[in-house]
Amino acid sequence: MATRTIESLRRCFYFKRMRRWRLSITVLLLLLLLVAVSATVLYYFSLHFLKTTINIEGQVNQFKSSLSNHHLILLTYMRSGSTFVGAMIGAHPDVFYMYEPLWTPRRALDGLTKLRYLNGSVLNLSEDQTTFWFTSVQVLNDIFQYKQQRTSDTVANIVKHTHMYRSPSTEDYAICLNISHVQDLTIKEEIISRIPSCLPLLTSACLQARVKLVKVIEAFMDQAINLMLSDPLVKVLHLIRDPRAVLISRKEFGFYPEDGVGQNSWELCVQILKDLELYVHKRKQFVGRLLTLRYEDIVREPLNVGRQLYQFVDLDVGPEFMDMIWNMTYAGFPDGCNVCPVRSNATVTAYKWRKKASFKTVARIQNNCLDLINLMGYRGFTSERELSSLHLPAIHRNYDPRFLQVLIRT
């Protein structure tokens, strides 16, 4: 009896243990199946996620690649050193450079000519500031988008101007057109008739360039901001020079008489301050797209500043370009002319005005431009002796564009 009971207990224990083993095996198989399914799902999910990531990265890279092309506006004021700075940037083989395309529209505003389009239409801008403003923006936009390849959109007396000789990008076109080297506001039909056949030279040079550069002295910051809003590729290099140097140079060139220094200095400095005020208000909106630069800083450190200018528009900086900048500033080559980019000694040229100007004239300019002079870190002169003593620098401190506080005197 005892033996039978023990045997029954053994069988019961055996069957229970077998059921537990079967249950464990079943659970193990289910777990293995779950792991296999999970692994399969994760595998296919990872493949899909990797593919998506690559596609997104490709789109980002494509976006970055498209932004490596820049539309650069060199925005400045007459006699501020823009010919030199434009030549410095425009000499790079990846740059298409248009020299002062708004010169003719400005003459049209003054009533000296009319804008003539190749489609035969004529635009009269005489004393029409509003139309001039919109036309200037349109001309710059057409250059950046290169709509000049459609001849009907081309302003004939812009693309036939002698300025076309002043850039390596447009010189071949100027030679093809046989443009006069003398400024001429007349519209000569024999030149107009050659534009369609020569225009492909201009189109090709523009389309091949990574950076399209225009130098303008007839536009202001509000027009540049308008273009920045409509075109994400537009950047602005705002070039400022000591207003005393600018106005003394303008007077030397006969742009105003001796008794006009007061009015001219007031108009210039108020305009620069307005442009700086707009720059301050917009710099956070256009991070990395606005740069204010003093001409005197380029003269003082041409290689360092030149390198930064190239980097501003993502241009390669090689030793050949540093050599070119040095040759343009301090290599001792003879000065070409008053509006040429090459100087035997750029510092001497930049401060030559201090030897030419009378203290009386400088004092009048300082009185009207005091806010701008202080804002940009220029030194005010208190006597004839200080003015003519070149060992006393005209710049006495640096300026920080992040903390510009613009006060327009009224």
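Residues numbered from 1 in each chain as written. Predicted model: local features only at pLDDT ≥ 70, side-chain atom pairs only at ≥ 80, totals over all residues. Heavy atoms only, no water.

- Looking at an unreviewed UniProt entry, the protein chain carries the name Carbohydrate sulfotransferase 5, with the source organism given as Biomphalaria pfeifferi.

## Describing the pairing of strand E1 (residues 70-75)
Then, in step 1: Burial of E1 is extensive: 6 of the 6 residues sit out of reach of the surface.
Then, in step 2: Burial of the side chains of E1 extends over both faces: His70, Leu72 and Leu74 are buried on one face and His71, Ile73 and Leu75 on the other.
Then, in step 3: Sheet topology places E1 next to strand E5 (residues 211-216); 6 bridges connect them, and they run parallel. Residue pairing across strands places His71 opposite Lys212, the latter belonging to E5. (Buried < 20%, exposed > 50% of the residue type's maximum accessible area, 1.4 Å probe, protein only. Helix = DSSP H or I, 4+ residues; strand = E, 2+ residues; numbered from the N terminus. Pairing = 2+ DSSP bridges.)

## Overview of the sheet that holds strand E6 (residues 234-240)
Then, in step 1: Strand order in this open sheet of 5 strands is E2-E5-E1-E6-E7, and the pairing throughout is parallel. If you trace the sheet from one side to the other, it starts and ends with strand E2 (95-99) and strand E7 (290-294), each paired once. Neighbour to neighbour, the strand axes of the sheet diverge by 20° on average, direction disregarded.
Then, in step 2: Two strands pair when backbone bridges link them, and E2 and E5 are joined in this way by 5 bridges, in the parallel orientation. For Phe96, the partnering residue across the bridge sits in E5 and is Lys212.
Then, in step 3: Relative to the sheet, helix H4 (residues 129-145) contacts E1, E2, E5 and E6, its axis offset from that of E5 by approximately 160°. (Axes fitted to C-alpha atoms, helices over the stretch in contact; angles between N-to-C directions. Contact = heavy atoms within 4.5 Å.)

## Quick look at the pattern of salt bridges
Then, in step 1: Taken as a whole, this structure holds 11 salt bridges when the rule is applied.
Then, in step 2: Here Arg106 makes a salt bridge to Glu218, at a shortest N to O gap of 3.9 Å. Of this pair, Arg106 sits in helix H3 (residues 103-109) while Glu218 sits in the loop between E5 and helix H9 (221-230); the two residues are 112 residues apart in sequence, bridging distant segments of the chain.
Then, in step 3: The class for Glu218 is buried, based on a relative accessible area of 14%.
Then, in step 4: Each of the salt bridges in this network shares a partner with another, and the network as a whole consists of Arg106, Arg107, Asp110 and Glu218. (Salt bridge = Lys/Arg side-chain N within 4 Å of Asp/Glu carboxyl O.)

## Re the state of the cysteines
Then, in step 1: If you walk through the whole model with that rule in mind, you get 2 disulfides.
Then, in step 2: Here Cys176 engages in a disulfide with Cys198; their sulfurs sit 2.0 Å apart. Measuring the twist about the S-S bond at about -80°, one finds the Cys176-Cys198 disulfide to be left-handed. Highlighted residues: Cys176 in helix H6 (residues 171-177) and Cys198 in helix H8 (residues 195-208), separated in sequence by 22 residues.
Then, in step 3: For Cys176, a relative accessible area of 32% puts it in the partly exposed group.
Then, in step 4: With relative accessibility at 2%, the residue Cys198 sits in the buried group.
Then, in step 5: Between the sulfur atoms of Cys269 and its disulfide partner Cys369 the distance amounts to 1.9 Å. Between Cys269 and Cys369 the sulfur-sulfur dihedral comes to about 90°; the bridge is accordingly right-handed. Here the residue Cys269 occupies a position in helix H11 (residues 261-282), and Cys369 occupies one in the loop between helix H17 (359-368) and helix H18 (370-375), the gap between them amounting to 100 residues.
Then, in step 6: The exposure class of Cys269 is buried, given its relative accessible area of 1%.
Then, in step 7: Residue class for Cys369 comes out buried when judged on its relative accessible area of 1%. (Disulfide = S-S within 2.5 Å.)

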